[in-house]
Structure formats: C-alpha cells, structure tokens
Amino acid sequence: MQIYIKGIEDERFHRPLQLIANLFFEETEILFADKGKSTDITVEFALIIAETVKARATLTDQSGQIFTASFEKDLPNNETEKDRFRRIKTAVSHVYLTVLQDWTGMIQKWGILTGIRPTKLLHKLLREGMPKEEAHKKLMDEYLITDEKIFLMQQIIDRQLTAVPDLYELQKEVSIYIGIPFCPTKCAYCTFPAYAINGRQGSVNSFLGGLHFEMRQIGKWLKDNNINITTVYYGGGTPTSITAEEMDMLYEEMYASFPNVQDIREVTVEAGRPDTITPEKLEVLKKWNIDRISINPQSYIQETLKAIGRHHTVDETIEKYHLARKMGMNNINMDLIIGLPGEGVKEFTHTLNETEKLMPESLTVHTLSFKRASEMTKNKDKYKVADRNEVEDMMELAEKWTKDHNYLPYYLYRQKNILGNLENVGYSLRDQESIYNIMIMEEQQTIIGLGCGAASKFIDPVTGKITQFANPKDPKSYNDGFEDYTNKKIKILNELFMKNTNVKEEV
Ligand code: SF4
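Everything quoted here is computed from the prediction, not taken from an experiment. (Residues numbered from 1 in each chain as written. Predicted model: local features only at pLDDT ≥ 70, side-chain atom pairs only at ≥ 80, totals over all residues.)

## Things to note about the overall build of the protein
When you go through the protein residue by residue, the secondary structure sums to 15 helices and 18 strands. Taken over the C-alpha trace, the protein has a radius of gyration of 24 Å; the compact-globule value for 507 residues is 23 Å, and the two agree within 12%. Counting only residues that meet the buried cut, the protein has 42% of its 507 residues in that class. When contacts within the protein are restricted to residue pairs at least 6 apart in sequence, long-range pairs at least 24 apart make up 74% of them. (Helix = DSSP H or I, 4+ residues; strand = E, 2+ residues; numbered from the N terminus. Rg over C-alpha atoms; globule rule 2.2 N^0.38 Å. Buried ≥ 20, exposed ≤ 12 C-beta atoms within 10 Å, placed from the backbone. Contact = placed C-beta atoms within 7 Å.)

## A closer look at the sheet that holds strand β4 (residues 52-61)
The strand order β2-β1-β3-β4-β5 describes an open sheet built from 5 strands, whose pairing is mixed. Edge strands, defined here as strands with exactly one partner in the open sheet, are β2 (29-31) and β5 (66-74). Shown here is a sheet whose adjacent strand axes are inclined to one another by a mean of 20 degrees, direction ignored. Bridge analysis of strand β3 (residues 41-49) against β4 gives 9 bridges, and the strand direction is antiparallel. Across the sheet, residue Thr 42 finds its bridge partner in β4, namely Thr 60. (Pairing = 2+ DSSP bridges. Axes fitted to C-alpha atoms, helices over the stretch in contact; angles between N-to-C directions.)

## Topic: the confidence of the model for the protein
Interpretation of the predicted coordinates at a detailed level should be avoided for regions scoring low in pLDDT. With 94% of its residues at a pLDDT of at least 70, the protein reaches an overall mean of 92. Ignoring residues within four places in sequence, the model shows residues 503-507, a span with pLDDT below 50, making 1 contact including any to other chains. (pLDDT = per-residue confidence, 0-100.)

## Quick look at the packing of helix α11 (residues 345-358) against helix α13 (residues 388-404)
Any two packed helices are characterised by the angle at which their axes cross and by the distance between the axes. Between α11 and α13, the shortest axis-to-axis distance is 10 Å and the interhelical angle comes to 20 degrees. Taken as axis vectors, α11 and α13 run roughly parallel relative to one another. By crossing handedness, the relation of α11 to α13 is classed as right-handed. Residues Val 345, Phe 348, Thr 349 and Leu 352 of α11 form the contact with α13, whose participating residues are Glu 390, Asp 393, Met 394, Leu 397 and Trp 401. Of the residues in the contact of α11 with α13, the class split is 6 nonpolar, 1 polar and 2 charged. (Parallel < 35°, antiparallel > 145°, perpendicular 65-115°, else oblique. Left-handed = near helix turned anticlockwise from the far one by under 90°. Nonpolar A, V, L, I, M, F, W, Y, C, P; charged D, E, K, R; others polar.)

## Side note on the site of the ligand
Near the ligand you find Cys 183, Lys 186, Cys 187, Cys 190, Phe 192, Ala 194, Gly 236, Gly 237, Thr 238, Gly 272 and Arg 273, and these make up its full shell. Here the residues of the shell around the ligand are counted per class, giving 5 nonpolar, 4 polar and 2 charged. (Near = placed C-beta within 6 Å.)

## Looking at the environment of Val 164
Here Val 164 lies in the loop between α5 (147-163) and β6 (174-180). Beyond its immediate sequence surroundings of up to four residues, Val 164 is in contact with Ile 435 and Ile 438.

## Some words on helix α2 (residues 81-104)
For α2, which comprises 24 residues, the first-to-last C-alpha distance of 34 Å matches the rise-based estimate of 34 Å (1.5 Å per residue) to within 8%. Along α2, the residues classified as buried are Ala 91, Val 92, Ser 93, His 94, Val 95, Tyr 96, Leu 97, Thr 98, Val 99 and Leu 100. Check the buried side of α2 and you find it contacts α1 (14-24), β3, β4 and β5. Positive backbone phi, at 75 degrees, marks Gly 105, one or two positions downstream of α2. (Expected span 1.5 Å × (residues − 1).)

## Comments concerning the packing of helix α7 (residues 244-257) against helix α8 (residues 279-287)
α8 packs onto α7 with a crossing angle of 10 degrees between their chain directions and a minimal axis gap of 9 Å. By the angle between their directions, the pair α7 and α8 is classed as roughly parallel. Contacts between α7 and α8 pair Ala 244, Met 247, Asp 248 and Tyr 251 from the former with Glu 280, Lys 281 and Val 284 from the latter. Considering only residue class, the contact of α7 with α8 consists of 4 nonpolar, no polar and 3 charged.

## Here's the deal with unusual backbone geometry
Cis geometry marks the peptide bond from Gly 236 to Gly 237, where omega comes out at 20 degrees. Of note, Gly 237 is situated in the loop between β9 (229-236) and α7. Despite not being glycine, Asn 226 has its phi angle at roughly 55 degrees, a positive value. Residue placement: Asn 226 occurs in the loop between α6 (201-224) and β9. Assessed through the 10 C-beta atoms surrounding it within 10 Å, Asn 226 is described here as exposed. Even without a glycine there, the phi angle at Gln 298 is positive, about 65 degrees. In this structure, Gln 298 sits in the loop between β11 (292-294) and α9 (302-307).

## What to know about the pairing of strand β13 (residues 362-367)
β13 sits mainly inside the fold: 6 of its 6 residues count as buried. Direction of pairing for strand β12 (residues 331-338) relative to β13: parallel, over a ladder of 6 bridges. Bridge pairing in β13 places Asn 333 opposite Ser 362. Once the chain exits β12 it traverses α11 before rejoining the sheet at β13, and the crossover so formed is right-handed. Two strands pair when backbone bridges link them, and β13 and strand β15 (residues 424-428) are joined in this way by 4 bridges, in the antiparallel orientation. If you follow Ser 362 over to β15, its bridge partner there is Ser 428. (Right-handed = clockwise from strand over helix to strand, strands pointing away.)

## Examining the environment of Lys 89
Locating Lys 89 in the fold gives a position in helix α2. Those residues in contact with Lys 89 that sit more than four places away from it in its chain are Phe 13 and Pro 16.

## Re the nonpolar core
Note that soluble globular proteins tend to have their nonpolar side chains buried in a common cluster. Core analysis: the largest hydrophobic core is formed by 121 residues, its most contacted members being Tyr 96, Ile 338 and Ile 438. For this core, the leading source of residues is α2, giving 7 residues. Not counting residues within four places of it along the chain, the set of residues in contact with Ile 338 comprises Phe 348, Val 365, His 366, Thr 367, Leu 368, Val 391, Met 394, Met 395 and Ala 398. (Core = buried A, V, L, I, M, F, W, Y, C linked by C-beta atoms within 7 Å.)

## Points about the environment of Leu 19
Relative to the helices and strands, Leu 19 is located in helix α1. Counting along the chain gives 94 residues from Leu 19 to Leu 113, while the straight-line C-alpha distance between them is 9.4 Å.

## Points about helix α10 (residues 314-326)
Over its 13 residues, α10 extends 19 Å from the first C-alpha to the last, a length consistent with the 18 Å expected when each residue adds 1.5 Å. Buried residues of α10: Thr 317, Lys 320, Tyr 321 and Ala 324, and no others. The arc that holds the buried residues of α10, viewed along the axis, is 110 degrees, so those residues lie on one side. Away from its buried face, by an angle of more than 90 degrees, α10 presents the exposed residues Asp 315, His 322 and Lys 326. Along its buried surface, α10 packs onto α8, β11, β12 and α11. Just downstream of α10, Gly 328 is the residue with a positive phi angle, here 95 degrees. (Arc of directions from axis to C-beta.)

Okay, structure coming up:
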C-alpha cells in the first residue's frame, strides 16, 4: 500500500502517520513528497493552529472516491512546546484514522493509540483527578478507543489498585529484574537474549560471576541509601536453565546483598521451559521462600511445540506443573500464545481445555508477534498463521474462557506487528496478580536491570521522567563490561535519588 501525504511538512508527524497506517495494511510506504508515482491513496491535511487546533483530512483513492474528517482540540498557550505538539498530533491522528477507517471499513479498537502501554494513559487522567466518566469520554472522543477496550482498561486499573493500593506512592522504592540469558534450545519466535546452554559452562560461570558482582554492588547502594525493594523478577532466557547449585548460590546472594529481603512483596522465577524443572531446583526455590514461578506451555499441541523449536513435550509441561504444585509452589503462572503456526480456533480450544485441568493462579495470553530478529520472521513463508479474523475469534475465546473460569485481567501491553493488532493480556485468579508485572507495565517506579539483556528503567520520583539503560545482550560483552555497567547504573541512581532527596531537604 502506498499513501501520498500532502499538507504535513513537520517531520515529527512522519512516524505517527506511518504507525497508524501499519494498523491497516501489512506493508505501507508513505510518501511525503510528490515523487511522480501514482499511489493507492492520497491523504491531504489542512491544519489551522490558533487558540485551538483544527485538523481536516481528505482521502482520495484511485477510483475518485473521497472521504473527509475534521476535528478540533483546545490548545492552551501556557503549555510546553512538547505538550502543544502532542495535542496537534492527536488532532492529526484523529482525522487520519477516521478517513482510513471509513475507506477500509476496518475499525481500530484501540483508536489512534499505537504505544505499548495503553493503560498508562487512563492511569494518568485518573491520577490528575479527572472523574472516571469524563476520562472514558475523552478516550472515546479524542483517541477513538472503543467502549470494549475502555472497559478492559478500567477493569485492569481497578485490579491493579486493589493488588497494589499504594501504586502511585511507590516511587521511593525500586524493583529488580535479573536476566539469565540461557535456555535449553532457542525457540523460533524468540528475540530474548537466550543462548542454548549446552557446551557453554565456561560462559555460564563467567556470567554468574558478573551477576553476583552486580547484585552485591547494587544491593549495597540500596542499603546505604535506605531504599527498599518492592519486587524481584528472574527472567531471561530461562533462569532455571542453570544448575540447582548455581540457583542456590544466586538466591543466597540475593538474601545477603539486598536490603530487607523479608519485606520484598514478591519474588518470581521464570521456569518457562518445563524441560529445565527438576525436583532439586524446586527444592532450592522452596528453601529460599520463592513460590511464584512461571511454567509456559504456549500450546498443548505437540506438533506446534516441535514447529516452533520448543524441545519439550506437552506431557512434560503437565507433569512438571504437578511436580511444582506438590513441592509447594502455590503461585504458578502459565503463558499461552494465540496464533502459533498451524493453530486456529480448534487447536486453541484444546489448549484452553487442557488449561482448565490445571487452573494455574495466573495466565498470560499473548498474541503472536512477528519481531524482526526472530527466526520465524526471517522465514515467514515457512510458517502458516491464522488470519486476522480467526485471531480475533481466538482472542474472544480467551476472554470468555477466562471470565467463565474466574480469571480477571490485570495488565496488558501491545506490541508492534502483533497479529490482528490485538494485545497481550495477563489474567489472574482474584488476589494472585503479579505485582512485578504491574510495576513494569505502569512505569510507576524504577526497575533496576541486572544481568544479560536486562533493561533498567530509571523513573524520576518527582517528575516521572524515564531514563533507560540496557546491559548488553550477549554473555561475552556482559562479561567484559559488567563492572562498568554497574558503575554507570549507580551513577544514574545517585543523580536521581540524591537530587530528589536534596530537593526535599531544601523545602
Ligand atoms: S524459552 Fe523463552 S527465552 Fe528461551 S528461547 Fe524459548 S522463548 Fe526464548
């Protein structure tokens, strides 16, 4: 699909216009200047900017059909340039989405939102004191979000504030993410830092050496500055790929280095691949009071697991689930993926029926996304996936099934190139929500990333401004530079927390 955009000079609009077009078409080329090519459609904008912004879009296709849309939004002149631009961008996106919806007949349930965290927007409006009804109306009128998705957002926010009533006051604490970049084998859709562990013991040893160092240093900084930890999350890779002894030493380090570990609200260890779970490792988790784990079936169809390179069996998932239960794991999450190759409503129904026999405390339902770096995306032709309508049917099935089985949605996020432009939703039984997942999605506090591929997000406790910092993804670069990465993070933490302490003292 080629779209010629007229009347928009400012380059800052290019990306938002591209992202909105991507919601409608598989591959879109947008031209901002007349290159003499004949394009499928032309969208011409007219903007009048004064005390308000008035935007108008006119779409013309090759057969001469014309669609128009207008929208007007306030433009207070006491706002920063950034906020002013944001308002103008909303107006432009609004009319652009409207003409594309009218022309294609497709309704975008998330309206003009293309970002990862739609619930953040509603949190912000409510935090600013806007009454619920008014906030919902704004989402509908300005952002063109459908009733169905607004209802979902509100449901999620209500759950989050029940699970973490002090969510808006947790800026003075931090959460910790620990990335362990090893897995038994690499799955075809995976873009995480995950290296097949076999034959890499040397690399594992050096990596763990670096990780222990990071845990000690960051733990010391937190203790010295009286900063508590809300949650800890071991992800990766698969953190249970390392041996039981290595896990034991790691958790011993956590207890020795981190402040007030007994007060941490939640510690999760991903044990995603059932082929890594053994009685010895479960024993270690229990020893250190870790009872929230994730065992991820993704699908209960054996051929699918084979096709995506997950070298474990369906029976193994079920068996390890029962083993974990028997050994005291009382908060188990399971991940499912909608739209895996060769799967449709029939296969997904089977997966839900199998889930019903296990009833984990929480269930994360992902929609397959074609991320650029995955093997699956590189060989897209090899993998046959369901069409948009069937993906939507599966999503609806998941919604109905979770509701019928007393699971409540408590977080969601969207990805680019996600099948059917849908979302990933985390559901849980009542009071079994993962606090870490809420923290990472709603960006209310700093998350310090340790280990490989761990991304830190530093959130200014006063302004909410976000600074990102990423550790390298591959173990070799990590091993070469972990001291440096640790020092850089401590420097950022000093700037952030000391600055704000000073402000408080001066006041
Ligand atoms: S188990 Fe998870 S992290 Fe490991 S390769 Fe598969 S998708 Fe990637």
